[in-house]
Amino acid sequence: MKIYADNAATTKMSKTAIQAMLPYMEEIFGNPSSLYSIGQTAAEAVFKARESIAECLGCMPAEIYFTSGGSESDNQAIRSAAEFGAKKNKKHIISTAFEHHAVLHTLKKLQKEGFEVTLLDVNENGIVNPEQVEQAIRPDTCLVTVMYANNEIGTIQPIAKIGEICRAKKVTFHTDAVQAVGHIPVNVKNDNVDMLSISAHKFHGPKGVGVLYVRKGIYLSNLIEGGSQERGKRGGTENVPGIVAAAAALKEAVSDLPESSQKLVPLRDKLIDGLLAIPHSVLNGDKEQRLPGNVNICFEGIEGESLLLLLDAKGISASSGSACTSGSLDPSHVLLAIGRPHEIAHGSLRLSLSDENTEEEIDYIIQEVKNVVNYLRNMSPVWRDLQEGKKNYVIQ
Ligand SMILES: *Cc1c(COP(=O)(O)O)cnc(C)c1O
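It is worth spelling out the domain arrangement of the chain at this point. Segmentation of the chain into domains returns domain 1 (3-9 + 257-387) and domain 2 (15-255). Taking only C-alpha atoms, the centre of domain 1 and the centre of domain 2 are 29 Å apart. Each partner contributes residues to the interface: domain 1 has 26 residues there, and domain 2 has 32 residues. Together, the buried faces of domain 1 and domain 2 total about 2,300 Å²; carbon and sulfur atoms form 56% of this surface. Among the residues domain 1 hides against domain 2, the three largest losses belong to Leu257, Leu291 and His333. Together they make up 29% of the total. Connecting domain 1 to domain 2 are zero salt bridges. At the boundary of domain 1 with domain 2, the tally comes to 13 residue pairs in polar contact (both at pLDDT 80 or more).

Structural data, given as structure tokens:
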């Protein structure tokens, strides 16, 4: 069996999205800035895609900027707010300890440039407390950036509440909604968001296409100097096929949302319950405030990388955390942020489902993870020490 369970890393493109982009690579290949008809037809397609995405997010088309992905959107949102803040001598930014590296590394860079960054803790369930955000806001705060849903543990944050606080305090609020949009209902107006990042390849669209929503009146610096594309903010010929496919994928994901989450939640919960039946295992992140497809579990006495390799040999594609950190020996900053000790954080497994996964696959995953965990524990000196009482279990 071949099972793909790493949809938080990337998704397979939907047939609808592929079909939508094909004409713009074949006959309608024109440059949207050209005046002849194949150029203008391409321009029209970008115009329609912008309208469609705006409708899905609950904003105006003029508030949508196309980018190269979630990372670019995050970088530019944060940099713009910082640049605007600096002009008024406001150089304090609030974020959280478990953001994506596109956010955390941008903030680290800004710290070197003289900004002060407050990284809020999250609770042991992986949820940010809005009151803490409120308390952290100072007169010189220029930006609050809190992710909508965490990419490793799938926890959904109280974004509307945080947005309300920021709006009342007149502080710009950005959210990295890359894991949320297309997976749970998101509306920038209801959520009181000023800037929001999304990425098409996380909702069955193509890689290399993202969107930055910037509320009317919020400052955005020039992302790329060049031509007048994206209303002069981001020069360069538009990625027409990618933009068209991103819009098609988002529309499909949003309209399928009620149905797909109805299918996914029981599968997710079955998988969680099945895996927690393995002794000395624990779920990472809140069980309820959680993305419909996310499962993340720590197994004591296990090394995540070996678990993944053995699961791969059984046809299961999974992850131990984010794709960006795998390959490094550092434990996940997200698991450390929710208070998992180092040795436990190393033994994590993330399975992120899409509505293409079946119940039969869930049964197979549960069985194979059980087998592999047993196999690895039987070989592990750490596990022997735990069993013989030479060490204490961290996970009861
Ligand atoms: C994947 C991801 C990103 C990066 O998006 P890219 O399009 O791959 O650059 C940013 N934030 C979160 C939460 C993500 O899951």
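On we go from here.
Throughout the structure, instances matching the rule amount to two aromatic pairs. Judged by centre distance (5.3 Å) and plane angle (20°), the ring pair of Phe84 and Tyr219 falls under stacked. Residue Phe84 is located in helix H3 (residues 70-87), and its partner Tyr219 is located in the loop between strand S8 (210-214) and helix H7 (240-276); the two are separated by 135 residues in the primary sequence. By relative accessible area, which is 25% here, Tyr219 ends up partly exposed. A ring pair is formed by Trp383 and Tyr393, whose centres lie 5.8 Å apart and whose planes are at 65°; its orientation type is edge-to-face.

Now for the layout of surface pockets. Its volume calculated, the largest pocket comes out at about 660 Å³. Lining the largest pocket are 36 residues, with Asn7, His204, Ser354, Asp355 and Glu356 sitting closest to its centre. Elements with a contribution of two residues or more to the lining of the largest pocket: strand S1 (3-4) and H7. Split into classes, the residues belonging to the lining of the largest pocket amount to twelve nonpolar, 15 polar and nine charged. The residues that make up the lining of the largest pocket include at least three from each of domain 1 (3-9 + 257-387) and domain 2 (15-255).

This brings us to the site of the ligand. If you check the shell around the ligand, you find 13 residues, and the closest are Ser71, Asp176, Gln179, Ser199 and Lys202. At a separation of 2.6 Å, a nitrogen atom of the ligand approaches a polar side-chain atom of Asp176. The separation between an oxygen atom of the ligand and a polar side-chain atom of Ser199 is 2.6 Å. Computed on the free molecule, the ligand has an accessible area of 380 Å², of which 87% lies beneath the protein chains in the complex. Counting residues per element, the shell around the ligand draws most heavily on H3, which supplies three residues. Tallied by class, residues from the shell around the ligand come to two nonpolar, eight polar and three charged.

Along helix H6 (residues 159-168), the residues that are buried comprise Ile159, Ile162, Gly163, Ile165 and Cys166. Along the axis of H6, the buried residues cluster in a sector spanning 160°; they form a single face. In this structure, the buried side of H6 is in contact with helix H5 (130-136), strand S5 (141-145) and strand S6 (172-176). Just downstream of H6, Lys170 is the residue with a positive phi angle, here 60°.

Conventions we followed
- Residues numbered from 1 in each chain as written.
- Predicted model: local features only at pLDDT ≥ 70, side-chain atom pairs only at ≥ 80, totals over all residues.
- Heavy atoms only, no water.
- Domains from an automatic or database assignment.
- Contact = heavy atoms within 4.5 Å.
- Buried area = accessible area lost by both parts, 1.4 Å probe.
- Salt bridge = Lys/Arg side-chain N within 4 Å of Asp/Glu carboxyl O.
- Polar contact = N/O pair within 3.5 Å; in protein donor to acceptor, adjacent residues only side chain to side chain.
- Phe/Tyr/Trp six-rings, centres within 6.5 Å; stacked < 30°, edge-to-face > 60°.
- Helix = DSSP H or I, 4+ residues; strand = E, 2+ residues; numbered from the N terminus.
- Buried < 20%, exposed > 50% of the residue type's maximum accessible area, 1.4 Å probe, protein only.
- 1 Å grid on protein atoms, 1.4 Å probe; cavity = no way out; pocket = protein on both sides within 12 Å on 5 of 7 lines; lining within 4 Å.
- Points joined across faces, edges and corners; volume = space filled by probe spheres on them.
- Nonpolar A, V, L, I, M, F, W, Y, C, P; charged D, E, K, R; others polar.
- Near = heavy atom within 4 Å.
- Areas by Shrake-Rupley, 256 points an atom, 1.4 Å probe, with all protein chains shown as cover.
- Arc of directions from axis to C-beta.

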